[in-house]
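Summary of the model geometry
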Amino acid sequence: MSPIRSLDQMVEYLRESGKKKKIAVAYAQDPNTIGAIAKAISEGFVEAVMIGDEAEIRNKAKEEGINPDVFTIVHIPNDVAATSEAVRMARADEVDVVMKGLVGTDKFLKAVLNKEHGLLPSKAVMSYVCALDLPKYDKLLFVSDTAVLPFPDLNQKIAMVNYSVKMARKFGIEKPKVALISATEKPNTAFPSSIDDTIICKMADRGQIKDCIVDGPLDVFLACDPASVEIKGIATPIKGEADCLVFPSLEACNSFYKGLMLFAGGELAGLIQGTTKPVVVMSRSESEKSKYYCIALSVLMAD
């Protein structure tokens, strides 16, 4: 397949491919979630099980001009019980994706991470990868970790690299270029993560990390701007054309992506990584459009 270079192209690819997955939405009586799910259903790549208060789901759908009969509705009016049922359905292969609705993130993740009944395998690293669609970058940019790991250690960063590569490859990028981001391109003990970066690069050189090109530490200019590479004279196989950026901390990555969303007109689609089924976790205040792109991404990533 040709590389998918925007979130709208991702949606078009799903429409044309005929791929369709079933999503369970936990505590689904949220207007933006209902609108995003209904749009995905109308585009033909989603079936949805809406779990929550049936009367509220139906009323909210009608207020949005949506026929509630396009959904399968499971009446469980308690947020914790609704979330547990969504996770149970995923474990039983009754659905392909789990999505957070109006339930709080802490309650939602508690069910996802439950050791006996959740979706995260033992010893797996949970992380988060976003696909950013930016007006001034000519392709999608996959960034990690925006939401889960405050200060990833070496093993967690290796997992972040692998998750980012896996997602990029789903977009048709055969050998993603992964930049390990720092404040400088020189390893420095003042930035402990830059030492991890050199280890990860050596692992990639030896084939321990596959299907990608990795370099770091690099600053964002060297990662994403070919002109800066030429000006600085730095020999990097990324060549200012990174597909994936792996950040040293959640603070750095979260601030990076939010700045691009606020000031640069960016759009995003993101997913929890490491779980046995795709998990969509969006803030209750996120727009319908953002939730729609996340739903589409979950379908693309689902087996």
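Heads up: these notes are all about the structure in this document.

Conventions we followed
- Residues numbered from 1 in each chain as written.
- Predicted model: local features only at pLDDT ≥ 70, side-chain atom pairs only at ≥ 80, totals over all residues.
- Heavy atoms only, no water.
- Helix = DSSP H or I, 4+ residues; strand = E, 2+ residues; numbered from the N terminus.
- Buried < 20%, exposed > 50% of the residue type's maximum accessible area, 1.4 Å probe, protein only.
- Contact = heavy atoms within 4.5 Å.
- Axes fitted to C-alpha atoms, helices over the stretch in contact; angles between N-to-C directions.
- Left-handed = near helix turned anticlockwise from the far one by under 90°.
- Nonpolar A, V, L, I, M, F, W, Y, C, P; charged D, E, K, R; others polar.
- Phe/Tyr/Trp six-rings, centres within 6.5 Å; stacked < 30°, edge-to-face > 60°.
- Core = buried A, V, L, I, M, F, W, Y, C linked by side-chain atoms within 4.5 Å.
- Arc of directions from axis to C-beta.
- Salt bridge = Lys/Arg side-chain N within 4 Å of Asp/Glu carboxyl O.
- Pairing = 2+ DSSP bridges.

**Observations regarding the overall build of the protein chain**
Looking only at helices and strands, the protein chain has 11 helices and 11 strands in total. Projected onto the principal axes, the alpha-carbon positions of the protein chain cover approximately 65 × 40 × 30 Å. Looking at the protein chain as a whole, 54% of its 303 residues qualify as buried. Expressed as a percentage of contacts within the protein chain between residues at least 6 apart in sequence, the contacts between residues at least 24 apart total 71%.

**Re the packing of helix 4 (residues 79–91) against helix 5 (residues 105–112)**
Relative orientation of the contacting elements helix 4 and helix 5 amounts to 35°, with a least axis distance of 9 Å. The two elements helix 4 and helix 5 cross, and the hand of that crossing is right-handed. Of the residues in helix 5, those in contact with Asp79, Val80, Thr83 and Val87 of helix 4 are Lys107, Phe108, Ala111 and Val112. For the contact of helix 4 with helix 5, the per-class residue count stands at 5 nonpolar, 1 polar and 2 charged.

**Here's the deal with unusual backbone geometry**
The linkage connecting Ser144 with the following residue, Asp145, adopts the cis geometry, with an omega of 0°. Going from Gly216 to Pro217, the amide bond is cis rather than trans, its omega being 5°. Topologically, Pro217 is positioned in strand 8 (residues 213–218). Its identity as a non-glycine residue notwithstanding, Asp93 has a phi of 60°, on the positive side. Relative to the elements of secondary structure, Asp93 occurs in the loop between helix 4 and strand 4 (97–100). Judged by relative accessible area, which is 59%, Asp93 ranks as exposed. Phi is positive for Lys239, which is not a glycine, with a value near 55°.

**So, the packing of aromatic side chains**
Taken as a whole, this structure holds 4 aromatic pairs when the rule is applied. For the pair Phe45 and Tyr292, a centre-to-centre distance of 6.1 Å together with 45° between the ring planes defines the contact as tilted. Of this pair, Phe45 sits in the loop between helix 2 (31–43) and strand 2 (46–52) while Tyr292 sits in helix 11 (residues 288–301), placing them 247 residues apart in sequence. Tyr292 matches Phe45 in its accessibility class, with the two residues each being buried. Joined through ring pairs, the aromatic side chains of Phe45, Tyr292 and Tyr293 make up one cluster.

**Let's talk about the nonpolar core**
With 111 residues, the main nonpolar core has Phe45, Phe71, Phe142 and Leu245 as its most contacted residues. With 9 residues, the top contributor of residues to this core is helix 11. Ignoring anything within four residues of it in the chain, the contact list for Phe71 reads Ile34, Ile37, Ala38, Ile41, Ala48, Met50, Ala61 and Ile66.

**With respect to helix 5**
Looking at helix 5, one finds that the buried residues are Phe108, Leu109, Ala111 and Val112. Angularly, the buried residues of helix 5 cover 155° about the axis, an arc narrow enough to put them on a single face. For helix 5, exposure combined with an orientation more than 90 degrees from the buried face picks out Asp106 and Lys110. The secondary structure elements touched by the buried residues of helix 5 are strand 1 (21–26), helix 4, strand 4 and strand 11 (279–280).

**A short note on the pattern of salt bridges**
Evaluated as defined, the whole model comprises 17 salt bridges. Note that Asp197 and Lys157 form a salt bridge whose closest N and O atoms lie 2.5 Å from each other. Placement of Asp197 in helix 7 (residues 192–205) and of Lys157 in helix 6 (residues 154–170) is noted, with a sequence separation of 40 residues between them. Taken individually, Asp197 and Lys157 each receive the classification buried, so the pair is uniform in this respect. Across the pair Glu241 and Lys177 runs a salt bridge, and its minimum N-O distance is 3.0 Å. Placement of Glu241 in the loop between helix 9 (226–232) and strand 9 (244–246) and of Lys177 in strand 7 (residues 177–181) is noted, with a sequence separation of 64 residues between them. We classify Lys177 as buried; its relative accessible area is 16%. Connected via shared salt-bridge partners are Glu12, Arg15 and Glu43.

**Some details on the pairing of strand 4**
Burial along strand 4 is two-sided: the residues Val97 and Met99 and Val98 and Lys100 are all buried. Sheet topology places strand 1 next to strand 4; 4 bridges connect them, and they run parallel. Note that in strand 4 the partner of Ile23 across the bridge is Val97.

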